Amino acid sequence: AFDESGKIWFNGELVDWKEANIHALSHVVHYGSSVFEGIRCYNTKKGPAVFRLKEHVQRLYNSAKIYRMEIPYSQEDFCQAILDTIKINQLDACYIRPAIFRGYAELGVYPLNCPVESIIAVWAWGKYLGEEALENGVDVGVSTWRRMAPNTMPNMAKAGSNYMNSQLAKMEAVSNNYDEAIMLDYQGMVSEGSGENIFIVKDGVLHTPPRASSLLDGITRNSVITLARDMDLEVKEEEIPREMLYVADELFLTGTAAEISPIRSVDRITVGNGKRGEITKKLQDDFFAILEGNAEDKYGWLTFV
Ligand code: PMP
C-alpha cells in the first residue's frame with residue numbers, strides 16, 4: 001500500500017509524496033508516452049537487496065531508446081537514485097516503480113518538443129496474485145486479445161501504452177473469473193500473460209516462447225532459465241501451440257510481481273494433477289533461497305541497499 005507520508009524521486013530530487021504531480025496536459029496523459037520498470041527489493045538475511053537492479057535499469061534505458069527519449073542521467077546514477085529512494089523511505093522489502101515520460105509543453109502526436117521527465121516511487125507490496133498463489137497456483141484463460149504483432153507496438157519496450165493491450169486481456173480474464181490471461185501472438189502461438197512470461201514443463205523439458213517475438217524479455221524469465229540450466233534441466237525457447245497448455249505436465253508464470261506462480265488450470269482444464277509440480281517447486285526453492293539470502297548469490301543478482 002502507498003505510504004503518503006513518504007518521498008518520491010522526481011526529476012532528480014526527493015520530494016514529498018503529495019508534491020509528485022504532473023500537469024493534466026502532459027504529453028503522456030494524451031498519447032501514452034511513457035516507459036517504466038517494475039523491480040523488487042527483498043529483505044534478505046543480510047539486509048534489503050534489490051533483485052537484478054542493473055538489468056532492470058538497462059531495460060528501462062533500452063525502452064527509452066526505442067522511443068527516442070533521452071534520459072538525462074547515467075545508468076549508474078539512476079541505480080543510485082533507486083537505492084536512495086528505498087533508503088529515505090526506510091523500506092526493506094518493497095516494489096520499485098521507475099517511470100520515464102513526456103511532460104508538458106505542447107499537445108500533438110509529435111513528442112520531441114516535450115520534456116523527458118523521470119520518477120522513482122517505492123512501496124510495500126505483497127504477493128501479486130495472492131498469498132496462496134505461489135503454492136496452490138492460479139486459474140488462467142486464453143484471451144481473445146492477441147499480443148501486438150511485430151512492427152505494430154514494440155513488445156520489447158516496457159512502454160506504458162503496451163499495457164492497454166494487457167488491460168484488455170486482464171479485464172476479460174477477471175470478468176470470466178480467471179486470475180490471469182494468457183495471450184497468443186499474431187500467429188496464434190502462445191505468447192505471455194498480461195504481466196508475466198509463461199513456462200511449460202513437458203516430459204522433463206522446460207519450454208518457453210522465444211524472446212524475439214511477441215514478449216517482454218522478462219528478467220525473471222531469464223533468471224529461471226539460468227536456474228534451470230544450472231540444475232541440468234533442458235530448456236527450449238521455441239514456439240508453443242495453444243493446445244500444449246492443456247497437455248503440459250506443469251505450467252507456471254514468471255514476473256517481478258508474480259515471481260514464480262504455478263498455473264493450476266487453463267480454460268478450466270486442470271494442469272497435470274492440479275497441484276504445484278515438482279520442477280516448479282524446485283525452481284521456486286532455488287529462486288527464493290537466493291532472494292532470502294539462504295543461498296550464495298552466485299550469479300550476482302543482489303544489490304544491497
Ligand atoms: N511480460 C509482461 C507483459 C510484463 O509486464 C512483465 C512484468 N514486467 C513480464 C512479462 C515479466 O518481466 P519481469 O520478469 O522482468 O518482471
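See the structure shown above.
Because the structure is a prediction, the values reported are computed rather than measured. (Residues numbered from 1 in each chain as written. Predicted model: local features only at pLDDT ≥ 70, side-chain atom pairs only at ≥ 80, totals over all residues.)

A.B. asks: Can you explain the environment of R229? Please cite residues and give values.
C.D. replies: By secondary structure assignment, the location of R229 is in helix 6 (residues 219-230). The class of R229 is exposed, set by 12 C-beta atoms lying within 10 Å. As for R229 and E250, which are separated by 21 residues in sequence, their C-alpha atoms are 17 Å apart. (Helix = DSSP H or I, 4+ residues; strand = E, 2+ residues; numbered from the N terminus. Buried ≥ 20, exposed ≤ 12 C-beta atoms within 10 Å, placed from the backbone.)

A.B. asks: Pulling in residues and values, what's your account of the pairing of strand 15 (residues 259-266)?
C.D. replies: Most of strand 15 is tucked away: 7 of the 8 residues are buried. Hairpin connection between strand 14 (residues 250-255) and strand 15: a loop of 3 residues separates the two successive antiparallel strands. Across 2 bridges, the pairing between strand 15 and strand 16 (residues 269-270) is antiparallel. Paired with V266 across the strands is I269, a residue of strand 16. (Pairing = 2+ DSSP bridges.)

A.B. asks: I'd like a description of the nonpolar core, backed by residues and values.
C.D. replies: V50, I96, I182, L251 and I263 are the most contacted members of the largest nonpolar core, which totals 66 residues. Two domains each provide a minimum of three residues to this core, namely domain 1 (7-123) and domain 2 (133-291). Excluding anything up to four places from it in sequence, V50 contacts I39, C41, I82, I96, T303 and V305. (Core = buried A, V, L, I, M, F, W, Y, C linked by C-beta atoms within 7 Å. Domains from an automatic or database assignment. Contact = placed C-beta atoms within 7 Å.)

A.B. asks: Please set out the site of the ligand residue by residue, giving values where relevant.
C.D. replies: With respect to spatial proximity, 14 residues lie near the ligand, and among them G218, I219, T220, G255 and T256 are the closest. Going through the elements one at a time, helix 6 and strand 14 are the ones with two or more residues in the shell around the ligand. The biggest single contributor to the shell around the ligand is helix 6, with 3 residues. Classifying every residue of the shell around the ligand by side-chain character gives 2 nonpolar, 9 polar and 3 charged. (Near = placed C-beta within 6 Å. Nonpolar A, V, L, I, M, F, W, Y, C, P; charged D, E, K, R; others polar.)

A.B. asks: Let's hear about helix 5 (residues 162-175): which residues, and what values?
C.D. replies: Between its terminal C-alpha atoms helix 5 stretches 21 Å, which fits the 20 Å expected from 14 residues at 1.5 Å a residue. Buried residues along helix 5 sit in contact with strand 8 (138-142) and strand 9 (180-184). (Expected span 1.5 Å × (residues − 1).)

A.B. asks: Tell me about helix 6, residues and numbers included.
C.D. replies: The first and last C-alpha atoms of helix 6 sit 17 Å apart over 12 residues, in line with the 16 Å expected at 1.5 Å per residue. If you check which residues of helix 6 are buried, you get I219, T220, R221, S223, V224, I225, L227 and A228. Backbone geometry just downstream of helix 6 places D232 in the positive-phi region, at approximately 60 degrees.

A.B. asks: Explain the pairing of strand 4 (residues 39-44) to me, using residue names and the numbers behind them.
C.D. replies: Working note: regular strand, side chains alternate between the two faces of the sheet. Summarising the sheet, strand 4 and strand 6 (residues 94-102) pair through 3 bridges and their orientation is antiparallel. Within strand 6, the position partnered with R40 by the bridge is Y95. Linking strand 4 back to strand 5 (residues 47-51) in an antiparallel pair, the connection comprises 2 residues.

A.B. asks: Tell me what's going on with the packing of helix 6 against helix 8 (residues 278-291), and back it up with residues and numbers.
C.D. replies: One way to put it is that helix 6 packs onto helix 8 with a least axis distance of 10 Å and a crossing angle of 110 degrees. One way to sum up the angle between helix 6 and helix 8 is to call them roughly perpendicular. Every residue of helix 8 that contacts helix 6 at S223, V224, L227 and A228 is listed here: L283, D286 and F287. Split into classes, the residues belonging to the contact of helix 6 with helix 8 amount to 5 nonpolar, 1 polar and 1 charged. (Axes fitted to C-alpha atoms, helices over the stretch in contact; angles between N-to-C directions. Parallel < 35°, antiparallel > 145°, perpendicular 65-115°, else oblique.)

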